[in-house]
Amino acid sequence: MTGEMTDTDGPPRRLGEVVAGLRVRAGLTQRQLADLAGLSLAGLRDVEQGRVVTPRPANLRRLAAALGLSHDEAEDLVELSRRGQPAEQHFRIRVLGPLAVTVNGVEVDPGPARQQALLGLLALTPNVPVSRDALIEAAWGERRHGNTVSLVQTSMSRLRQRLVPKQPGSDRAKVLTASRGRYRLTVTREQLDLLEFRHRAAEARQARKAGDAARACVLFRKALSLWRGEPLANLETTRVQPLVTALVEEWKTLVVDYAETATQIGCYDEVLPELRRLVGDDPLHEVATARLMIALAGSGQQAAALNAFDEVRRRLREELGADPGPELTEAHQRVLRQDVVRADPTGADPVTAHRQLPPDILEFTGREAELSELRAGLPAPTRGDTAAGILVLQGMGGVGKTRLAVHLARQLLAEGRYADVQLYVDLRGHSDQPPADPSTVLDSFLRLLGVAGESVPRTLDERSALYRSLLHGRHAVVLLDNAASEEQVLPLLPAGPTNLAMVTSRRTLALDGSRTVTLEGFPLPDAEALLRRIVGQRVADDPAATRMVVELCGRLPLALTLAARRLQARPAWRFADAAARLRAAGDRLGELAAGSRRVRAVFDLSYRALDPEARRMFRLLGLHPGEDFAAASAAALAGVSPAVGERILDQLADEHLVTSAPAGRYRLHDLLRDYARDLAERDGERACREAVRRVVYWYLHAADAANKPLRKPNEEEVLPSGAGEPPGLPVFPDSASAFDWFRAEQGALTATTALAWEYGLLEAASQLPAVLRNYWERASEWDHWIGGARVALAAARLAGDRTAEARTLNDLGCALSQIGNLEEAVDMLTRACDLRAALGDERRRLGPLLNLAVAVAMSGDLHRAIRHMREVLPLARKVGDVYNEAWLLNNLAHAQALAGMHEEAIGTYRATLALGRDCSADPVGVAQTLGGFGQALLSAGEHDEAIAVLRRACAIYRQENCTAFLLEALATLAAALREIGDEVGVKECEVEAQAIVDGLGPYAYAPVSHAPLP
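What you are looking at is a predicted structure, and each value in this text was computed from that prediction instead of being measured. (Residues numbered from 1 in each chain as written. Predicted model: local features only at pLDDT ≥ 70, side-chain atom pairs only at ≥ 80, totals over all residues. Heavy atoms only, no water.)

Caption draft 1: Highlighting the overall build of the protein. Across its full length, the protein carries 46 helices and 17 strands. What you see for the protein is a C-alpha radius of gyration of 43 Å, clearly larger than the 31 Å of a compact globule of 1014 residues, by over 25%. Put simply, the protein has 1014 residues, and 54% of those count as buried. A fraction of 69% describes how many contacts in the protein between residues 6 or more apart in sequence connect residues 24 or more apart. Put simply, the protein shows about 42700 Å² of open surface, and 49% of that area lies on carbon and sulfur atoms. Looking at the protein, you have 122 positive and 132 negative side-chain charges, and the mean spots of the two groups are 8 Å apart. (Helix = DSSP H or I, 4+ residues; strand = E, 2+ residues; numbered from the N terminus. Rg over C-alpha atoms; globule rule 2.2 N^0.38 Å. Buried < 20%, exposed > 50% of the residue type's maximum accessible area, 1.4 Å probe, protein only. Contact = heavy atoms within 4.5 Å. Areas by Shrake-Rupley, 256 points an atom, 1.4 Å probe, with all protein chains shown as cover. Lys, Arg positive; Asp, Glu negative; His and termini not counted. Charge placed at Lys NZ, Arg CZ, Asp CG, Glu CD.)

Laid out in structure tokens, this is it:
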């Protein structure tokens, strides 16, 4: 950053000018920089406008961190502030190349050749008196004459005028002084490039001596950047001056020192230009040629290194009659043995390892909870911690692990923590290249820490031990990005309590002593905040469309960023336009791209890291119905055993390609589901259809097995007996376990019906809603029941299966009755009756006949319903099924009660219970009869018996998870308790009922005492 601090041809710049220039270069406003640095806006403005010329060093370092400056650049900024405001007049003399003089940033003519020679000689010996005779000898040589002394004096006077133009307050005499026949040029390193060159060279050698090779290289580069060519190259009279010759040798030595230091830490490429320039100027410089050979070999140019040796050997023999010396010979042997350590001996690109961290980003948003959790894991030597801090950030690709790690590290640096050493490496756990070898990484780290190449140990254990020793006691942060495994990371972990290791990985890592944070997608406020920081006002213009974009991006930070970048590049687009494109796109992942960055490319790296078995499972999961799934259904989808399926899912969870959910379930992120489905479809339609068929029929048979404990005794068999069952079906010992399974799989079961319809599996599409009926009824899931029944009806009709159509018409009519859609319910049930009659199925016609009577009763025509039920009763008795007769009597009694025929209703209920239905075989039917009986008793004033009967009904409903049925029974029980003054009992009923209402949704009310028949 020297160029930012001091113009090459001009005066040192003011601190405010430098800060403002760096801010503009970073693309930041004053407010943005102030926020990033944690400073006030007014304070930053005071610095930039020159009102504060010596701000606190801590504040300048915070500014430097916010601007992404290196340690050396930050210190340059601090040093510039310490100089204060420069004087009003500035001049700079450059002698490292043709002589050049600038005054106040403007180049001036130093005068005639002899006057330039005098200035050049004085500049080569700055701040040291030079005798008049030596000056005359340099400028005139043998051409001196009598008035030469007078000419020297005149030239010195003119040089003073040109360097320091006369202005109030200027003091020319201090620049060029004369005393006792001697002249001295008094300058600082800001005024003379030679002094700056030597200062930087000394700093570089001091840093190398201290073991900080990386910083030494930075300073070597700064020094050599001042060298423009042979000193005073435009002055004939000074070319033979010993001072010029010595200075050229000084430059050559500095280049060799730089090359030696740079090659120690593997920075071969950066030193090649300087070495080529030196060898070009001095082809017989053996040490420089040896360094050039090593640098060429280290950068992969083996042939060029050998050619350089052949060329210098030929020149030595032809021009000097000599053979190569020991330096050249040793370098030649190292190249032949390939004994030059490269950054990655596998031939892949060198491992990325730097002394400083990657830059933070201005639009970093959210993650406050994660930052707090990570900070809680930082070591604190003051409280007695003796181990290094290890923070692990894991999660799927694109979730922002590296961004968060860099942001936290930058925050810590801005606070003055871990300022001694900052190391970074991309371990390539998910990359187009092989994972980085930890031994190679340690070689790079050790060289960055100043260890000479020949001193780097050979074995991994020795390198790791030396690395930890060098970091011990130093405030160091090491960011190990994109880790592949614990084995890769363990040798790279520092050990001291002043050290911090931050590890990011798409895989789950088990590192002892670490604090692990798993990142997920953004919460909605953070997602909107990110879009607002990138896109601006358009977020507020259409908040609904903004939320839609957030959800279509799956709240994944990378996807949100890319969508925002596209909007940023298209000012005419609104969020509604972006949402429409994402919704309509057949390839949503293809829309989530900006420039060369693509969400798909990030997912590709994770997918390619899987073995073939896991890749196949992942692809097929894109076809799995529902938002989440269990190992058993995933195994069925893939056609493997449940044990194998669970093992593969655990592997995918470790890779963060699936997410573990409660109760042993898994789920795919929305975008990963799209990605997986796209991969599956590339396998061909046949492969997809076979996988879908496997999972659909697995769910059909599993649901049928779960339905068995819930079935009514007279219920029709949906699946034909002896139908081939797929392997791995769950077992349900009782209704409670079946109900729990239905509840967990509800979303997947509903989606399976739609998937069966999509793939033309009409038989399964018509059967699955039928085996789900009992669960949907008990759970009061009317929307799912109606939606599934409509799909089943369409499938049955398309398949020409009239029996399935009749069954589904009856189910759909019952469901529509439960939500009060009675007109359509009557239509569906009438069609079911007609179709059963046409099929000659008298037994199965009884159900829709009774359900039709119930629908009529619910519509308010009670007496017509009663007549209809009495007409159907002989058919029920003819069939000889006590359960059908009991259902009919139960609903007849309920209709009688609603019609005010309480005594008749009580008698009918007693007749129903007298039929002696087995409660264990039909618990819900018995409970419904008891509930209606209790209501009739209450209406007749028989409070005590009503309460006893209703309590029995409630107990059965609770046991059988019949929430909506329980809700009505509780309401009736509360009314009976109120009649006898039991307010405590009433309150208990109300509290339980309210909890049920809160869970039922829009269809909390259902006239369930009209029990539908299957």
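Caption draft 2: Inspection of the packing of helix α38 (residues 822–839) against helix α39 (residues 842–858) at higher detail. Their axes nearest at 9 Å, the elements α38 and α39 cross at an angle of 160°. Overall, the two elements α38 and α39 adopt an arrangement that is roughly antiparallel. Considering how the two elements wind past one another, α38 and α39 form a crossing that is left-handed. Along the contact surface, α38 presents L822, V826, L829, T830, A832, C833, R836 and A837, while α39 presents R844, R845, P848, L849, N851, L852, A855 and M858. Here the residues of the contact of α38 with α39 are counted per class, giving eleven nonpolar, two polar and three charged. (Axes fitted to C-alpha atoms, helices over the stretch in contact; angles between N-to-C directions. Parallel < 35°, antiparallel > 145°, perpendicular 65-115°, else oblique. Left-handed = near helix turned anticlockwise from the far one by under 90°. Nonpolar A, V, L, I, M, F, W, Y, C, P; charged D, E, K, R; others polar.)

Caption draft 3: Fine view of the nonpolar core. F603, F618, L621, L652 and W741 are the most contacted members of the largest nonpolar core, which totals 136 residues. Among the elements that make up this core, the one with the highest residue count is helix α33 (residues 685–707) (twelve residues). If near-sequence neighbours (up to four positions away) are discounted, F618 is found in contact with Y607, L610, L652, L657, L668, L672, Y675, A676 and L679. (Core = buried A, V, L, I, M, F, W, Y, C linked by side-chain atoms within 4.5 Å.)

Caption draft 4: Up close: the environment of V279. Along the chain, V279 falls in helix α13 (residues 268–281). Judged by its relative accessible area of 16%, V279 is buried. For the pair V279 and R291, spaced twelve residues apart in sequence, the C-alpha separation works out to 10.0 Å. Beyond its immediate chain neighbours, meaning those up to four positions away, V279 contacts A288, T289 and L292.

Caption draft 5: Spatial organisation of α13. Here α13 is 14 residues long and its end C-alpha atoms lie 20 Å apart, about the 20 Å a rise of 1.5 Å per residue gives. Taking the largest bend as the criterion, α13 deviates by roughly 25°, centred on E274. Within the span of α13, buried status applies to Y268, V271, L272, E274, L275, L278 and V279. (Expected span 1.5 Å × (residues − 1). Bend = angle between axes of the 7 residues up to and from the residue.)

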